Amino acid sequence: MRESLSLAETRRLAVASQGFGAREQDAGVSQVRRLAQRIHAFQIDSVNVFVRAHYVPAFARLGPYPMGALDTLAYEKRELFEYWGHAACLMPLSLYPLVRYRMQSDAARAYMDSERGAYVKQAYLEVVERGPLAATDLSDPGKRRGPWWGWASGKAALEYLYDAGLLAIAGRRAFERMYDLTERVIPPAALELSLPREEAMKELMCRAAAACGVGTVGDIAGYFNVDGWRDRIPPGAYWEHGRDEAGPPRIRSRSVTRRLATELVEEGRLIPVQVEGWTEQAYLHPQARIPKQVQARALVTPFDSLVWDRSRIARLFGMKYSIELYTPPPKRIYGYYVCPFLLGDDLVARCDLKADRQRKTLIVQSAFLEPGRDEQAVVPSLVEELRLVQRWLELERLEVAQRGDLAPALQAGIHPAK
């Protein structure tokens, strides 16, 4: 295996490892299943201005597919489960034993048996008797408690039990989580398996390296947030942290991921490489193969695993990308829900997308070309992809607003002069 990679090779490897390439025809459940095993996680987010984020990665890689295929795998066949991966994600069941070290079930049971935990225990017992339940279904959903996400007490209790692995997500009702006992959701074969904490973390880093193609310690640890803040918080209910003592909760500050990466190299499970232009050591999965070319065309959401790590995107593609969802409108540079456009092995443009379902219209609220890219090469492919998205979402029209340096050419491409 080579000890160095050019930036072009690294980019091709990264894009191909994420499952991008020539699309299949008539994608369905089996294709989504294979993709889930390859990239490991579909991030879930509540923003629905375009389409729910977890449905888009499969479309970006496979082309038009029935959204119900993802729901079937998750909530009918139980081949995917919801839990904390990079963030809230749908992940293949094979990862369940690898994330169990994050579940502080013993601490949660002890807390429920304490005086302070009486309400949480009441919520748990109600799920035992009546589940699956949404937080609003609880007989006492409670009131908002403090700053924790602005949740009501019932929602906070159920989320705590879910984090602890005592409850799992059985389904969604208009996107609202339905909680049930873990043993009634997760198949027994997955529940019976577990790995020691650091071995599970190392295996997650290996799978992340395969999904990234090549990456720094931060890249491959960040894919599943290995040893991130969730892995380092003290046991117990989050609203109790610091309750009996001054100061912030004691969160372990020192990460172990660099040591784990060193051990993985010694074990032959990662290969150290140098990447052109990168100042930090990179790592390659032993089974990585660099393609000679990548034939990809896709709009990726801000929550797509290709663009999770913004510093990595800058290193790979030279794109300075950030989510402006929570930026005040006057301070936004590109827009509210900006999707990078992947063409071949490069991110060449970005579009702020909105699906106006009442008007049955896909709106490109802004369109910008990345510096140094060829507008004439980008526009026809972007128009074709936008048309494909429009048809997938069963919208009747495609509109392009005036905002952005690419907007005039995109408008002309959609409505050519007669």
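All values derive from a computational prediction rather than experimental measurement. (Residues numbered from 1 in each chain as written. Predicted model: local features only at pLDDT ≥ 70, side-chain atom pairs only at ≥ 80, totals over all residues. Heavy atoms only, no water.)

**Student:** Can you walk me through the sheet that holds strand β10 (residues 297–299) in this structure?
**Tutor:** Working definition: the strands of a sheet are paired by backbone hydrogen bonds and lie parallel or antiparallel to each other. Across the sheet, which stays open at both edges, the five strands sit in the order β10-β11-β12-β13-β14 with mixed pairing between neighbours. Each of the sheet's edge strands pairs with one partner strand only, and the pair in question is β10 and β14 (397–400). Across the sheet, the mean angle from the axis of one strand to that of its neighbour is 30 degrees, orientation sign disregarded. Sheet topology places strand β12 (residues 346–356) next to strand β13 (residues 361–369); eight bridges connect them, and they run antiparallel. Bridge pairing links Ala355 to Leu362 in β13. (Pairing = 2+ DSSP bridges. Helix = DSSP H or I, 4+ residues; strand = E, 2+ residues; numbered from the N terminus. Axes fitted to C-alpha atoms, helices over the stretch in contact; angles between N-to-C directions.)

**Student:** How should I be thinking about the packing of aromatic side chains in this particular structure?
**Tutor:** How two aromatic rings sit relative to each other is given by the distance of their centres and the angle of their planes. Enumeration according to the criterion identifies eleven aromatic pairs in this entry. Judged by centre distance (6.3 Å) and plane angle (50 degrees), the ring pair of Trp84 and Tyr162 falls under tilted. Residue Trp84 is found in strand β3 (residues 80–84), and its partner Tyr162 is found in helix α8 (residues 153–163); the two are separated by 78 residues along the sequence. Tyr162 carries the same exposure label as Trp84, and that label is buried. Ring centres of Tyr111 and Tyr160 lie 5.9 Å apart, and the angle between their planes is 85 degrees; on these two criteria the pair is classed as edge-to-face. Of this pair, Tyr111 sits in helix α6 (residues 105–112) while Tyr160 is found in helix α8, placing the two residues 49 residues apart along the sequence. Members of the aromatic cluster, each reached through a chain of ring pairs, are Phe50, Phe303 and Tyr337. One Lys or Arg, Arg23, reaches over the ring of Phe59 and ends 5.6 Å from the middle of that ring. (Phe/Tyr/Trp six-rings, centres within 6.5 Å; stacked < 30°, edge-to-face > 60°. Buried < 20%, exposed > 50% of the residue type's maximum accessible area, 1.4 Å probe, protein only. Lys NZ or Arg CZ within 6 Å of the ring centre and 35° of its normal.)

**Student:** Explain unusual backbone geometry to me, please; I cannot follow it from the model alone.
**Tutor:** The phi angle of most residues is negative, glycine excepted, and most peptide bonds adopt the trans form. In this model, Gly131 is joined to Pro132 through a cis peptide bond whose omega is 5 degrees. Note on placement: Pro132 falls in the loop between α7 (118–130) and α8. Positive phi, close to 60 degrees, is recorded for Arg78, a residue that is not glycine. Looking at the element boundaries, Arg78 is found in the loop between α4 (68–76) and β3.

**Student:** Sorry if this is basic, but what is going on with the environment of Asp180 here?
**Tutor:** Tracing the chain through its elements places Asp180 in strand β6 (residues 176–181). Given the relative accessible area of 7%, Asp180 is considered buried. Residues Asp180 and Thr72, 108 residues apart in the sequence, show an inter-C-alpha distance of 18 Å. Leaving out residues up to four positions away in the same chain, Asp180 has contacts with Val127, Gly131, Pro132, Leu166, Leu167, Ala168, Ala170 and Val185. At 2.7 Å, the side chain of Asp180 and the side chain of Arg184 are in polar contact. (Contact = heavy atoms within 4.5 Å. Polar contact = N/O pair within 3.5 Å; in protein donor to acceptor, adjacent residues only side chain to side chain.)

**Student:** In this structure, what is going on with the pairing of β3? I would like to understand it.
**Tutor:** Put simply, side chains in a regular strand alternate between the two faces of the sheet. With five of five residues buried, β3 is to be regarded as a mostly interior element. Sheet topology note: the β3/strand β4 (residues 88–92) ladder contains five bridges and is antiparallel. Its bridge partner being in β4, Trp84 is matched across the sheet by Ala88. Following β3, the chain reverses through three residues before pairing antiparallel with β4.

Take it as geometry only, folks, not as evidence of what the structure does.
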